[in-house]
Amino acid sequence: MKPFVRDTLLRQRARLHELDALLSAPDVVDHMDRFRALSREHAEASTVVEVFNRYLQRETDLATARDMLDDPDMAEMAQEEILSAEADLAQLDGELQQCLLPKDPDDERNAFVEIRAGTGGDESALFAGDLARLYTRYAEKQRWQVETVSESPSELGGFKEVVLRIAGPGAYGRLRFESGGHRVQRVPATETQGRIHTSAATVAVMPEPDETQAVQLNPSELRIDTFRASGAGGQHINKTDSAVRVTHLPTGITAECQDGRSQHSNKAKALQVLTARLQEKDRSERAAAEAATRKGLIGSGDRSDRIRTYNFPQGRLTDHRINLTLYKVLQVMEGDLDEVIHALQVARGAELLAELEQRNGA
């Protein structure tokens, strides 16, 4: 275990004793906000300290087993215990490092996934449609709910732009690293000569805003337009001006929703997406400022970051941020994204741990 990790855990254990004393004070329930905050901190610290105590116990077991190696009658059993303790310590060390990583409160939130066709004409729109299907299939595997907030279909299929709302525990935390430029290399359905084309689409993943903490929109800075929804939806949707587009005048950022039948519900969803886009603009500007001094492996999530290539002729998927190559592009396009997401989360965890170590060593 790294020294800074052990020092941090020892401080955490001392803090748990303090919290025990604070929560046992007779007047603690007189201030419910403080009581809830202390209780939450106590629950989090207890989880970490419990794992740390198991780690310390296995350290003791390992030392005892090593002392027994000199006894011929106990050497074989001691050797087995040494191997078992070393394996347990490695696993517990990994768990403890994960426990120490700073947690993003947005990770448990629902997500808006915005996909736009890029260079490549009709083929890029088809690719944008494939990405929408990929994320929909992945969400279904996680038992999350998916709804289309707005879409701009392409004539030959796919989308010029589509916004999905993906609702489920941890949706944003698992999809957040999908933000950026996605590139596809394949023979398009529109290609008669069998030539391989390269096309692109961009993805932006945004946490659904917490209504209690979201940026407050000034009504005087909004322009709200209604229009007739396009695309599939039956007779009703084509007869009413139920679709809504909201424009934030100071920034020019827009959001629209045409999925619901009611103008009121479409307006509410469009305002949610607009709020998410404004918050994402602030977040990306902060990330860009940080990147000026420190370029993280995972990147800022900006659309201009080319993050992944899907090479169909070779069946290869490459994530350029972590040099990950998998020969399972067809499975990934069917929503088998777990291996990619896990690798990105591990890489991000390593980054955060290195930053934590640097701060503790400073």
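Participant: Give a detailed account of the confidence of the model for the protein chain, specifying residues and quantitative values.
Facilitator: Averaged over the protein chain, the pLDDT score is 86; the fraction of residues at 70 or greater is 88%. Mean pLDDT across the elements of the protein chain ranges from a minimum in helix α6 (residues 234-239), with 44, to a maximum in strand β10 (residues 316-319), with 97. In the predicted structure, residues 232-239 sits below a pLDDT of 50 and forms nine contacts with residues beyond four places in sequence or in another chain.

Participant: Can you lay out the sheet that holds strand β6 (residues 222-227) for me, pointing to particular residues and giving the numbers?
Facilitator: Sheet strands line up and pair through hydrogen bonds in the backbone, either parallel or antiparallel. Across the sheet, three strands lie side by side as β6-β7-β8; this open sheet has antiparallel pairing. For this open sheet the edge positions go to β6 and β8 (253-257), each flanked by a neighbour on one side alone. Within the sheet, the average angular offset between the axes of one strand and its neighbour, ignoring direction, is 15°. As defined by bridge partners, β6 adjoins strand β7 (residues 243-248) across six bridges and the pair is classed as antiparallel. By the bridge assignment for β7, Asp225 is matched with Arg245.

Participant: Provide a residue-level description of the pairing of β10, including the pertinent values.
Facilitator: Of the two faces of β10, both are covered, the one formed by Arg316 and Thr318 as well as the one formed by Leu317 and Asp319. Pairing of strand β9 (residues 306-311) with β10 involves four bridges; the strand directions are antiparallel. Each bridged residue has a counterpart across the sheet, and for Thr309 the counterpart in β10 is Thr318. Counting the residues that bridge the hairpin from β9 to β10 gives four residues, and of these Gly315 lies at a positive phi of roughly 60°. Inspection of the sheet shows β10 paired to strand β11 (residues 324-326) by three bridges, in the antiparallel sense. If you follow Asp319 over to β11, its bridge partner there is Leu324. Count of turn residues in the β10/β11 antiparallel hairpin: four residues, of which Asn323 carries a positive phi of about 55°.

Rules used in this analysis
Residues numbered from 1 in each chain as written. Predicted model: local features only at pLDDT ≥ 70, side-chain atom pairs only at ≥ 80, totals over all residues. Heavy atoms only, no water. pLDDT = per-residue confidence, 0-100. Helix = DSSP H or I, 4+ residues; strand = E, 2+ residues; numbered from the N terminus. Contact = heavy atoms within 4.5 Å. Pairing = 2+ DSSP bridges. Axes fitted to C-alpha atoms, helices over the stretch in contact; angles between N-to-C directions. Buried < 20%, exposed > 50% of the residue type's maximum accessible area, 1.4 Å probe, protein only.

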